[in-house]
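Each chain, written out:
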Amino acid sequence: MTSAAGLPWVQRVKETPVGEVPIVRTRLELRDRLQNFLVRLGINRERYAVPPGLYGIGDPDADSPVLVTSNYKLTLDALRKELAAVTCWLLVLDTHGINVWCAAGKRTFSTTEIVGRLEATRLEALVRHRTLVLPQLGASGVAAHLVHKTTGFRVVYGPVRARDIPAFFHNKMKKDRDMRTVRFPLRDRLVLIPLELVLALLVLVAGFLLVAAADWILHGILDFGTAFRDFVPFLGAVLAGCVLVPVLLPLIPVRSFALKGLIVGILLAALIEWAYSPSLVDGIATTVLILSTSSLFALFFTGSTTFTSVSGVRREVRIAFPVLIPLLVASILVGLISKLVALHHIS
Amino acid sequence: MKMRYLRNTVSLSIDRESCIGCEMCIAVCPHDVFLMEAKKVTIIDRDACMECGACARNCPVDAIRVESGTGGVIPVLEEMMKKGKAD
Ligand code: SF4
Ligand code: SF4
């Protein structure tokens, strides 16, 4: 377990009754920050697990509290950064380098993993007390009463956010409403947008090539200017669903995400109609394209929120998909046909 | 601002008879769905529930039922296709 000793964020190694335990630094260095930034951008994602096992912060002893966490480096960084004033042990589970919340969903942050990790680290020989502090967001993967029954360790669920941990300990391990509540502020929504856009990018590139190819077949020349002009409504609709809906989320006065997308789409469609003033058929096709696209992409954002339920998504998909997909396909076909017709009129 | 998803859609239910009032569900719920009332827990904000399943998993007397699962369109579509094949 001393394989972690050589890591740059490990300050020193402490001799204990259960062997050497690495003590981690509580200040993030430039190297950590740089790496974290790259990981957020999606680069270098794979290698971001830390070795699971036992770590320490400060100069912990047999009475120091034990905090359980995942072995995703960003999670560990967020934690140690907030714990400068908290002397404790860290029990890092093997969640395959995934954060606590997602790992709990995938059942790698689990009762079984805790029980196994307790055995492997012989924690019971290190500390005198029998209490584990778990992050609250790990609770969907762990059954506290089963951990207690199997290992004798009582599980206390700490606050949602690492920054509340010092206050939590100060407060005799009691949480107030604020500490246990997950919100979804603008900041958190903005962070998710790049990821949504990366996924949308594939669709956008495919869409643009399709439009360019259609223009090419119709006009006989490959003209990217025209193709881009024809492509703008679709681009706008994707951005409406992927950017505007997440940004405006609580301000759009309906609960269904498909409807949220539809509302933003209507505003966008009005703008496009005004800017392009197309023919009637073209106008209808473009509007339907925008509405169905922005609605679909808004619906996809349910996968990133912190408050949507599976039952709700199921219901939306069941209602919206049979309507939106045919409309999307129809609008593309009508757009193409109307172009063909216009071409014949000219020639 | 507290955000809530669709009205009357989540699968959460609680058997007040067997609840022993340990408050574990309150400690793990990220959306303040429960409240203690006469030494037992009651659901006060059902629409805020995201079906994470934390409450049901940590209830020592198995008093809570919720059908939890991975949200998002792709998992839901996959699950529908699987069901479609099974039928
Ligand atoms: S499933 Fe999750 S969000 Fe819903 S009541 Fe239980 S703990 Fe709260
Ligand atoms: S966890 Fe179960 S027993 Fe405990 S308060 Fe909640 S419903 Fe009641």
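Computed from a prediction, not measured in an experiment: that's the story for all the values here.

Burial of helix α2 (residues 73-82) of chain A is extensive: seven of the 10 residues sit out of reach of the surface. K73(A), L74(A), T75(A), L76(A), D77(A), L79(A) and R80(A) are the residues of α2(A) that are buried.

With that settled, the discussion passes to the site of ligand 2. The environment of ligand 2 is made up of 13 residues, and the closest members are C19(B), C22(B), E23(B), C25(B) and C59(B). Within the shell around ligand 2, the residues separate by chemical class into 11 nonpolar, one polar and one charged.

Turning next to the side chain of T121(A). All names here are of chain A. Assignment of secondary structure puts T121 in helix α4 (residues 111-121). Judged by its relative accessible area of 4%, T121 is buried. Separated by 2.8 Å, the side chain of T121 and the backbone oxygen of R117 make a polar contact. Only 3.4 Å separates the side chain of T121 from the backbone oxygen of L118, close enough to count as a polar contact.

Interface size is often expressed as the accessible area that is lost when the parts come together. At the interface, 42 residues of chain A touch 42 residues of chain B. Roughly 3700 Å² is buried in total at the junction of chain A and chain B, and carbon and sulfur atoms are behind 61% of that figure. Linking chain A with chain B are five salt bridges, by the criterion used here. When the shortest N-O distance is used, the salt bridge between R180(A) and D32(B) registers 2.9 Å. Counting only elements with at least two residues in the side of chain A that touches chain B, the list comes to α6 (144-151), β7 (154-157), α8 (177-180), α12 (280-300) and α13 (310-346) of chain A. The greatest single-element share of the side of chain A that touches chain B, amounting to 10 residues, is contributed by α13(A). Each residue belonging to the side of chain A that touches chain B can be placed in one class, and the counts come to 19 nonpolar, 13 polar and 10 charged.

Assignment of secondary structure puts A206(A) in helix α9 (residues 186-219). For the pair A206(A) and K106(A), spaced 100 residues apart in sequence, the C-alpha to C-alpha distance is 32 Å.

Let us now look at the pairing of strand β2 (residues 19-24) of chain A. Along any regular strand the residues' side chains alternate between the sheet's two faces. Residues and elements named next belong to chain A. Two elements, strand β1 (residues 10-16) and β2, share six bridges in a ladder whose sense is antiparallel. Directly across from R12, in β2, lies its bridge partner I23. Here β1 hands over to β2 after two residues, the two strands then running antiparallel side by side.

Turning next to the layout of surface pockets. Computed from the structure, the second largest pocket encloses a volume of approximately 530 Å³. Around the second largest pocket, the lining is made up of 20 residues, and of these V156(A), C22(B), E23(B), M24(B) and A27(B) lie nearest the centre. Of all the secondary structure elements, the ones that give two or more residues to the lining of the second largest pocket are α6 and β7 of chain A together with α1 (24-28) of chain B. With four residues, the top contributor of residues to the lining of the second largest pocket is β7(A). Broken down by class, the residue content of the lining of the second largest pocket amounts to 11 nonpolar, three polar and six charged.

Rules behind the numbers
- Residues numbered from 1 in each chain as written.
- Chains lettered and ligands numbered in written order.
- Predicted model: local features only at pLDDT ≥ 70, side-chain atom pairs only at ≥ 80, totals over all residues.
- Heavy atoms only, no water.
- Buried < 20%, exposed > 50% of the residue type's maximum accessible area, 1.4 Å probe, protein only.
- Helix = DSSP H or I, 4+ residues; strand = E, 2+ residues; numbered from the N terminus.
- Near = heavy atom within 4 Å.
- Nonpolar A, V, L, I, M, F, W, Y, C, P; charged D, E, K, R; others polar.
- Polar contact = N/O pair within 3.5 Å; in protein donor to acceptor, adjacent residues only side chain to side chain.
- Contact = heavy atoms within 4.5 Å.
- Buried area = accessible area lost by both parts, 1.4 Å probe.
- Salt bridge = Lys/Arg side-chain N within 4 Å of Asp/Glu carboxyl O.
- Pairing = 2+ DSSP bridges.
- 1 Å grid on protein atoms, 1.4 Å probe; cavity = no way out; pocket = protein on both sides within 12 Å on 5 of 7 lines; lining within 4 Å.
- Points joined across faces, edges and corners; volume = space filled by probe spheres on them.

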